[in-house]
Every structure is written in structure tokens, then in C-alpha cells.
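A structural walkthrough
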Amino acid sequence: MIMRVCLDTRPGGVNPNEDWGAGTPTLAIVLDGLSTVGLTTGCQHGVPWYVAHLGGQLVAALADTDRPLSDGLAEALERVAELHPECDLKNPGTPSATVAVLRRRLDVLDHLVLADSPIVFEGAEEYSVITDLRVDDILPKMRAEVEQHETHTPEHREALQRFVSAQRQVRNTPDGYWVAAAGPEASAHALTGTTALGDVHAAAVMSDGVSRLVTEYGMVTWSDVFATLRTGGPRELIDTVRKVEATDPTGRRWPRYKSGDDATVAFCQW
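Residues numbered from 1 in each chain as written. Predicted model: local features only at pLDDT ≥ 70, side-chain atom pairs only at ≥ 80, totals over all residues. Heavy atoms only, no water.

What follows concerns the overall build of the chain. Summing up its helical and strand segments, the chain has 7 helices and 10 strands in all. Taking 270 residues into account, the globule formula puts the C-alpha radius of gyration at 18 Å, and the chain, at 18 Å, falls close to it. If you line up the chain on its principal axes, its C-alpha atoms span 50 × 45 × 30 Å. Across the 270 residues in the chain, those meeting the buried criterion constitute 52%. Partitioning the contacts of the chain with sequence separation of at least 6, the portion at a separation of at least 24 is 70%. Accessible surface computed for the chain: about 12000 Å², of which carbon and sulfur atoms make up 51%. Taking the average place of the 24 positive charges on the side chains of the chain and the average place of its 38 negative ones, the gap between the two points comes to 3 Å. (Helix = DSSP H or I, 4+ residues; strand = E, 2+ residues; numbered from the N terminus. Rg over C-alpha atoms; globule rule 2.2 N^0.38 Å. Buried < 20%, exposed > 50% of the residue type's maximum accessible area, 1.4 Å probe, protein only. Contact = heavy atoms within 4.5 Å. Areas by Shrake-Rupley, 256 points an atom, 1.4 Å probe, with all protein chains shown as cover. Lys, Arg positive; Asp, Glu negative; His and termini not counted. Charge placed at Lys NZ, Arg CZ, Asp CG, Glu CD.)

Below is the structure:
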């Protein structure tokens, strides 16, 4: 049984898209690059370059459908690091990304989630969300300071830079949270598992720029999301996110890091 993947990805504003997505007959992958908010990274290439190369290496590493997803991610991280050894890969702000991978293997679905890009399964009677929200427990007071200010204000930008600078010090450490960056060790901290294919009607792999329509904005349910994906596909779902965000452009109703985030969704059926 072949997995059919419909995918769309769109930037949140005028800056280059730092999300990346891909679909094959066995894989759906979504990467969400972490914003640098204007801070230095030690890398001359940038986040869009990083997610594109990590995504390509991940597809290649998982061509063997029997290979553990975490092993494939570890290899992909090593290979990307080898592509830019002249950059300062020890810089705490080195380009990094969340990772969400869904793989169809015979009569099962394997998943890997590293950080907060979720995978949602549509079952016969309920929806199951697989996500890694460890980042939400980091520096809550500084997060609250960012959310006190409207987006596009100097106060918001300064608070966000202070917050991200502090996050970088605990990123990929036992006391913090884990994302894909320069070292393969992060792959061991991903959430992985296997689900019987017969228990899942469809699945959606997405960046949090899409999932926030349910989790943060509360404007739709997961049932609504899958209904939209079936009738209008990923493009219509992202259009819905943008329409909702346009009603609150400065983040008064829904405090956030930017007015519109990069958005990617891969809708999987079989």
C-alpha cells in the first residue's frame, strides 16, 4: 500500500521560508527552522540552507525503510555538519530545526518527533497528537515578557532577542530541550514509536505555524482540520491560518513571536 502525500509550505511574511517539507510513497517529513531573530549563528549559510540540506539528507538516509528513524536522523545531522565545516558549529545559535517524520512500513506507521512540530493521527473515533513540548517549560518568565508586547514593536523585538539568547544556552542540553542542530546526539532524544496502519484513517505532519490554529488560536478542532485537508488540501488549511492571523496582526488576542509564522503541512492518506 502506497502512502499518498499532499504538501504545501508557505513563508509567514516577507522573509525566506525557514520551513521545509517533503513527501515520498513511504515518507512525510516536515522541518521547522528555528528563527535567529537577528542574532548571530556562527554560520555563513543560514537557516533555509540548513533545513533544505537536512531534509535532503534525511530522505536519503531513510531510503531503507527498515532503518530506525533515529539512526537516519543521526546520519543526516552528521552529513550536514560535514557540508559546512568552515562554520562555527559549536556556536549555541548554530542553525537548527524541529523534525517530524512519518514513515509507512508494511502494515505499520513509524513516527519521529523532535521538538514541537506535531504529527496528528485520525483514528476511527478520536485524534492522537504526537508532539514534544519540552521547550514550553524553558524560561517561562522570559516567555511571558515577550508576550506582553505587541509584535512589530521595538520592545517585542528586544524581549524576544533576550529570550532566544537565553534559550540557546540550554538548547540541546540535559537541562533544556532538544532540536536538530550540528551534532547527531539530538536524535537520541526524539520521540519515536509505531502505530498499526489499520488504526489510522489519515495523518497530518505539520509545523507549529499550522497546528497553532487548533492549539493556540482555538479557532478549529482537529476534526475541522482533517475536513479542510480532504476538501481543499494543505493550501486551503494554510489559507485559513492566514485569515485568522489577519484578524489579530499585532498579537493582542494571541500573543506570539511574529504576526505570521512559516507554515507547512503534509497530508497523508493510503
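The subject of this paragraph is the nonpolar core. Of all hydrophobic cores here, the largest spans 26 residues; its most connected members are Tyr 50, Leu 54, Leu 58, Val 99, Val 101 and Leu 114. Mapped onto this core, the elements with two or more residues apiece are strand S2 (19–23), strand S3 (27–33), helix H1 (47–61), helix H2 (69–83), strand S4 (97–105) and strand S5 (108–114). In terms of residues, this core owes the most to one element, H1, which gives 6 residues. Filtering out sequence-adjacent residues up to four positions away, Val 101 remains in contact with Leu 27, Ala 28, Ile 29, Leu 58, Leu 62, Leu 69, Asp 110, His 111, Leu 112 and Ile 119. Counting residues in each nonpolar core, the second largest holds 20 residues, with Tyr 217, Val 225, Val 265 and Phe 267 among its members. (Core = buried A, V, L, I, M, F, W, Y, C linked by side-chain atoms within 4.5 Å.)

Right, let's get into the pairing of strand S6 (residues 119–122). Burial of the side chains of S6 extends over both faces: Ile 119 and Phe 121 are buried on one face and Val 120 and Glu 122 on the other. In terms of strand pairing, S6 meets strand S7 (residues 127–130) through 4 bridges, oriented antiparallel. Among the inter-strand pairings, Glu 122 is bridged to a residue of S7, identified as Tyr 127. What sits between S6 and S7 in their antiparallel hairpin is a turn of 4 residues. By the bridge criterion, 4 bridges tie S6 to strand S9 (residues 202–206) in an arrangement that is antiparallel. (Pairing = 2+ DSSP bridges.)

All right, on to the side chain of Asp 110 then. Relative to the assigned elements, Asp 110 resides in strand S5. Looking at Asp 110, its side chain comes within polar contact range of the side chain of Thr 194, at 2.9 Å. Ignoring any residue separated from it by four or fewer positions in sequence, one finds Asp 110 in contact with Leu 69, Val 101, Leu 102, Arg 103, Arg 105, Gly 193 and Thr 194. (Polar contact = N/O pair within 3.5 Å; in protein donor to acceptor, adjacent residues only side chain to side chain.)

Among the 5 residues that make up S2, 4 are buried, leaving the element largely enclosed by the rest of the structure. Relative to S3, S2 is paired through 5 bridges, and the arrangement is antiparallel. By the bridge assignment, Gly 21 is partnered in S3 with Val 30. As consecutive antiparallel partners, S2 and S3 are separated by 3 residues.

A separate point is the side chain of Arg 10. Considering the arrangement of structural elements, one finds Arg 10 in strand S1 (residues 4–10). Side-chain polar atoms of Arg 10 contact the backbone oxygen of Arg 235, separated by 3.3 Å. Residues within four places of Arg 10 in sequence aside, it is in contact with Asn 17, Arg 235, Ile 238, Asp 239, Arg 242, Asp 262 and Ala 263.

Taken as a whole and judged by the stated rule, the model has 4 aromatic pairs. Pairing Tyr 127 with Phe 226 gives two aromatic rings, centres 5.4 Å apart and planes at 35°, and the pair type is tilted. With a gap of 99 residues between them, Tyr 127 in strand S7 and Phe 226 in helix H6 (residues 222–231) connect regions that are remote in the sequence. By relative accessible area, Tyr 127 is classed as partly exposed at 29%. Accessibility expressed as a relative area gives 0% for Phe 226, which makes it buried. Measuring from ring centre to ring centre gives 6.1 Å for Phe 226 and Phe 267, while their planes differ by 70°; the resulting arrangement is edge-to-face. Of the two residues, Phe 226 is situated in helix H6 and Phe 267 in strand S10 (residues 263–269); the sequence distance between them amounts to 41 residues. (Phe/Tyr/Trp six-rings, centres within 6.5 Å; stacked < 30°, edge-to-face > 60°.)

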